[in-house]
Amino acid sequence: MKKEINYLDILDALKMLIEKAEGKEKTELRAKQKEFSKQVRKIIALDIEKDNEKYASAIESLEKANKDIESAIKDVNKISHVLTSITNTMNVIGEFV
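Values in this document were obtained by computation on a predicted structure and should not be read as measured data.

**Q** Which parts of the structure should I look at to understand the overall build of the protein?
**A** Summing up its helical and strand segments, the protein has four helices and zero strands in all. The order of helices and strands in the protein, counted from the N terminus, is α-α-α-α. By the compact-globule yardstick of 13 Å for 97 residues, the protein fits well, its C-alpha radius of gyration being 13 Å. With the principal axes as the frame, the protein shows a C-alpha extent of 40 × 25 × 20 Å. Put simply, the protein has 97 residues, and 37% of those count as buried.

Take a look at the structure:
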């Protein structure tokens, strides 16, 4: 079973979250957003073998980050959790790029 994920949806959700954030969290999210979007563009460009185990774990990590972002949009108290989630996702993606 191939998993597909819409990277742009994740970046859009992250942008929405940044608009809701304030102060230090907003600054941290913006910094993560820059790095994250660079990595996402790289992983899209790589055209990785989709049945690769590392790719599957990257997709899983992206899906988790996306869920975390969406729940933080509803509850800004979860932003620190999103920062951790994005960092973990970038570490997984980092194995490719």
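From this point on, the discussion continues.
**Q** Looking at this structure, I do not really get the pattern of salt bridges. What am I missing?
**A** As a working rule, side chains carrying opposite charge can pair if their charged atoms are close by. The full count for this structure, using the stated rule, is two salt bridges. Linking Glu 28 and Lys 24 is a salt bridge whose minimum nitrogen-to-oxygen distance equals 3.6 Å. Of this pair, Glu 28 and Lys 24 are both found in helix α2 (residues 23–46), four residues apart, which corresponds to roughly one turn of the helix. Judged by relative accessible area, Lys 24 falls into the exposed class, the value being 65%. A salt bridge links Asp 68 to Lys 64, with the nearest nitrogen and oxygen atoms 2.9 Å apart.

**Q** What's the story with helix α1 (residues 7–20) in this structure? I'm lost.
**A** Since the α-helix advances by 3.6 residues per turn, residues separated by three or four positions end up pointing in the same direction. An ideal rise of 1.5 Å per residue puts 20 Å on 14 residues; α1 measures up with 20 Å between its terminal C-alpha atoms. Among the residues of α1, those classed as buried are Tyr 7, Ile 10, Leu 11, Ala 13, Leu 14, Leu 17 and Ile 18. All buried residues of α1 lie within an arc of 160° about the axis, which places them on one face of the element. Seen from the open side of α1, the exposed residues pointing more than 90 degrees away from its buried face are Leu 8 and Glu 19.

**Q** Can you help me understand the nonpolar core in this one?
**A** Inside soluble globular proteins, nonpolar side chains tend to come together where they are buried. Counting 27 residues, the largest nonpolar core has Tyr 7, Leu 17, Leu 29, Phe 36, Leu 62 and Ile 69 as its most contacted members. Counting residues per element, the ones that place at least two in this core are α1, α2, α3 (53–74) and α4 (79–93). Every residue in contact with Ile 69, bar those within four places of it in the chain, is listed here: Ile 10, Ala 13, Leu 14, Leu 17, Val 82 and Ile 86.

**Q** Could you clarify how one ought to interpret the side chain of Asn 66 in this entry?
**A** Position of Asn 66 relative to the elements: it lies in helix α3. For Asn 66, the contacting residues outside a window of four places in its chain are Asp 9, Ile 10 and Ala 13.

**Q** What is the right way to read the packing of α2 against α4 from this model?
**A** Angle between the axes and distance between the axes: these two values describe a pair of packed helices. Remark: α2 packs on α4, axes separated minimally by 10 Å, with the N-to-C direction vectors making an angle of 25°. When the interaxial angle is binned, α2 and α4 end up roughly parallel. Here α2 and α4 pass one another in a crossing that is left-handed. Here Glu 25, Glu 28, Leu 29, Lys 32, Glu 35, Phe 36, Gln 39 and Ile 43 of α2 come into contact with α4, specifically with Ile 79, Ser 80, Val 82, Leu 83, Ile 86, Thr 87, Thr 89, Met 90 and Ile 93.

**Q** What am I meant to see in the environment of Arg 41 here?
**A** By the secondary structure assignment, Arg 41 is in helix α2. Considered as a pair, Arg 41 and Lys 78 are 37 residues apart in the sequence and their alpha carbons are 26 Å apart.

Criteria and thresholds
- Residues numbered from 1 in each chain as written.
- Predicted model: local features only at pLDDT ≥ 70, side-chain atom pairs only at ≥ 80, totals over all residues.
- Heavy atoms only, no water.
- Helix = DSSP H or I, 4+ residues; strand = E, 2+ residues; numbered from the N terminus.
- Rg over C-alpha atoms; globule rule 2.2 N^0.38 Å.
- Buried < 20%, exposed > 50% of the residue type's maximum accessible area, 1.4 Å probe, protein only.
- Salt bridge = Lys/Arg side-chain N within 4 Å of Asp/Glu carboxyl O.
- Expected span 1.5 Å × (residues − 1).
- Arc of directions from axis to C-beta.
- Core = buried A, V, L, I, M, F, W, Y, C linked by side-chain atoms within 4.5 Å.
- Contact = heavy atoms within 4.5 Å.
- Axes fitted to C-alpha atoms, helices over the stretch in contact; angles between N-to-C directions.
- Parallel < 35°, antiparallel > 145°, perpendicular 65-115°, else oblique.
- Left-handed = near helix turned anticlockwise from the far one by under 90°.

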